[in-house]
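A structural walkthrough
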Amino acid sequence: MFVFGLLLAGVAVFALLAVIFGKSDKVRRPAWATFAVSLFLAVASIVTASITVVPTRNVGIVTSWNKPTGRTTGAGLQWTLPWQGIDEWDASGQTYAHLGDQCVWVTIAAQRRACIPVQIEWSAQAEKAPENWAAYREVGDKSRFEVFVERRVNPQINGAMTSIFASFDPLGAVDPTSGDAPAPDLNKTYKDTLITALNAELGDEIVVKSVAFESPRYDEPTTQAIAAYGQKILEARNLEIDKANAKTRAEITRTDASVDQVARCLQIAEKLGKEPGLCMGGTVSLTRPVQAG
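The text that follows walks through the structure, step by step, so that each part is easy to find. Fair warning: this is a prediction, and the values are worked out from it, not measured in the lab.

A few words on the overall build of the protein. Assigned secondary structure in the protein consists of 7 helices and 11 strands. Looking at the 293 residues of the protein, the share that counts as buried comes to 30%. A separation of at least 24 residues holds for 63% of the contacts in the protein among residues at least 6 apart in sequence. Surface exposure of the protein reaches about 18300 Å², of which carbon and sulfur atoms provide 56%.

Judged by pairing direction, the sheet is antiparallel, and its 3 strands sit side by side in the order β6-β9-β10 without closing on themselves. With one partner strand each, in any of the chains shown, β6 (94-98) and β10 (206-213) form the two edges of the open sheet. Averaged over all adjacent pairs, the angle separating strand axes in this sheet is 15°, with direction ignored. Sheet analysis places β6 next to strand β9 (residues 118-124), joined by 5 bridges and oriented antiparallel. Along β9, the bridge assignment pairs glutamine 94 with tryptophan 122. Each of β6, β9 and β10 is contacted by helix α4 (residues 144-164), which is oriented at about 135° to β9, the strand it contacts most. Those strands touched by helix α5 (residues 186-202) are β9 and β10, and its axis lies near 160° from that of β10.

A word on the pairing of β9. Along β9, 5 of the 7 residues are buried, which leaves the element largely enclosed by surrounding structure. Examined bridge by bridge, β9 and β10 share 7 bridges and lie antiparallel to one another. In the sheet register, glutamate 121 faces β10, and the bridge partner there is serine 210.

The rules behind each value
Residues numbered from 1 in each chain as written. Predicted model: local features only at pLDDT ≥ 70, side-chain atom pairs only at ≥ 80, totals over all residues. Heavy atoms only, no water. Helix = DSSP H or I, 4+ residues; strand = E, 2+ residues; numbered from the N terminus. Buried < 20%, exposed > 50% of the residue type's maximum accessible area, 1.4 Å probe, protein only. Contact = heavy atoms within 4.5 Å. Areas by Shrake-Rupley, 256 points an atom, 1.4 Å probe, with all protein chains shown as cover. Pairing = 2+ DSSP bridges. Axes fitted to C-alpha atoms, helices over the stretch in contact; angles between N-to-C directions.

Here you go:
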């Protein structure tokens with residue numbers, strides 16, 4: 001638009017020269033009209049080239065002949081020099097959304113596989129906008145910001161996820177007493193860890209606003225390993241119970257064997273109101289005889 005304005009200004013100058021040096025009204029009249037129209041359009045074009053509207057929550061990157069000047073602007077109506085332009089850099093909230101079936105597959109402990117549902121809300125640092133704008137180029141129909149997200153932000157998030165979950169062992173969540181396997185609380189265990197990892201890699205380029213996990217999913221071998229581990233815990237618990245019961249029965253048997261049978265018979269006879277003499281024979285029996293008839 002600025003170049004177009006300069007061309008119109010040149011036309012206005014030539015028209016003015018025709019007005020000044022024209023030798024007849026037949027030449028000067030159309031020259032005046034051309035001069036007026038060209039001047040008006042030139043001024044309008046140059047003014048238009050100096051105005052840019054930056055959308056809300058975006059950062060304006062001021063460029064001069066398509067090179068960043070280092071100056072940035074906020075949102076709204078912005079003025080620049082006519083030969084300068086403003087490119088937009090998205091500073092609004094962004095979402096790395098991988099919930100439900102869109103979860104992120106990572107390799108965990110023992111080379112097992114888990115799918116981690118996660119949502120990360122972040123926004124670009126306005127101070128780094130000129131540098132990042134200059135570091136990336138438009139690719140096809142993708143803007144510089146979209147290329148920045150695709151090549152810089154998302155790979156770092158994926159790398160951080162892979163790193164922090166490398167030691168995650170779902171068998172550790174199995175209850176050691178019951179064998180039950182409740183869903184692990186990833187927000188409690190990994191939320192702050194992921195934020196720290198992202199800040200270490202992207203802290204001067206983006207601001208991490210929130211991280212939220214859902215319950216993880218596992219591949220079939222890992223699911224089977226969790227079930228088998230829980231079954232072993234259950235079997236071990238049952239075995240311990242059986243051992244304890246057997247020990248108790250053995251103690252009862254030993255106790256009964258150590259008790260004097262005559263003394264024990266006398267205690268029972270007294271309790272049942274029987275004749276104690278029955279306990280003095282060779283055979284101790286306090287059962288009531290069955291009467292005939």
